[in-house]
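Examination of the molecular architecture
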Amino acid sequence: MTIPAPARDLAVLLARVAVGVVFFAHGWQKLFTNGMEGTTAFFEQVGVPAAPVAAWFATIVELAGGVALVIGLAVPVVGLLLLVDMIGAFAFVHASAGLFVTEGGYEFVLVLGAAALLLAAVGAGRYSVDHLLTGRRQAVRA
């Protein structure tokens, strides 16, 4: 069964917005709730290499990446950056705690990483800034 393109694009939009809001909230938490000093201290505590740089990377990628997903801008690139962010969270914080998030495990970062990868692979869909920009380029070429 093939899903009609408008329904598929609506599904991509809803997924992008949901995942984007979650990433934005976590970036906001790192920057404003914990502060960069607290975020960096946590990264150092769990053994993240170059903790100050990694803390800023995670914060900016999550904040800006969350916004980019919501509006549908540069989704393939943003999806890959968010995947890298989640690989770091998995490797340095959650992998040793098992699967379940209630035990500090990796289920949440696994799902977020998979969602980011999927969005990188399928793109932003029709209801996005990416589509507006590429649609204009295609019209100019024609």
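One can find the structure itself at the top, above this paragraph.
Keep in mind it's a predicted model, so treat the numbers as computed, not measured.

Attention now goes to the packing of aromatic side chains. For the structure on display, the rule yields four aromatic pairs. Between phenylalanine 24 and tryptophan 28, the ring centres sit 5.9 Å apart and the planes meet at 35°, which makes this aromatic pair tilted. Of the two residues, phenylalanine 24 and tryptophan 28 both sit in helix α1 (residues 5–33), four residues apart, roughly one turn of that helix. Given a relative accessible area of 43%, tryptophan 28 falls into the partly exposed group. With a centroid separation of 5.1 Å and 75° between ring planes, the pair formed by phenylalanine 90 and tyrosine 106 is classed as edge-to-face. Here phenylalanine 90, found in helix α4 (residues 75–94), pairs with tyrosine 106, found in the loop between α4 and α5 (107–122); they are 16 residues apart in sequence, far enough to count as distant. By relative accessible area, which is 34% here, phenylalanine 90 ends up partly exposed.

Cut-off values and rules
- Residues numbered from 1 in each chain as written.
- Predicted model: local features only at pLDDT ≥ 70, side-chain atom pairs only at ≥ 80, totals over all residues.
- Heavy atoms only, no water.
- Phe/Tyr/Trp six-rings, centres within 6.5 Å; stacked < 30°, edge-to-face > 60°.
- Helix = DSSP H or I, 4+ residues; strand = E, 2+ residues; numbered from the N terminus.
- Buried < 20%, exposed > 50% of the residue type's maximum accessible area, 1.4 Å probe, protein only.

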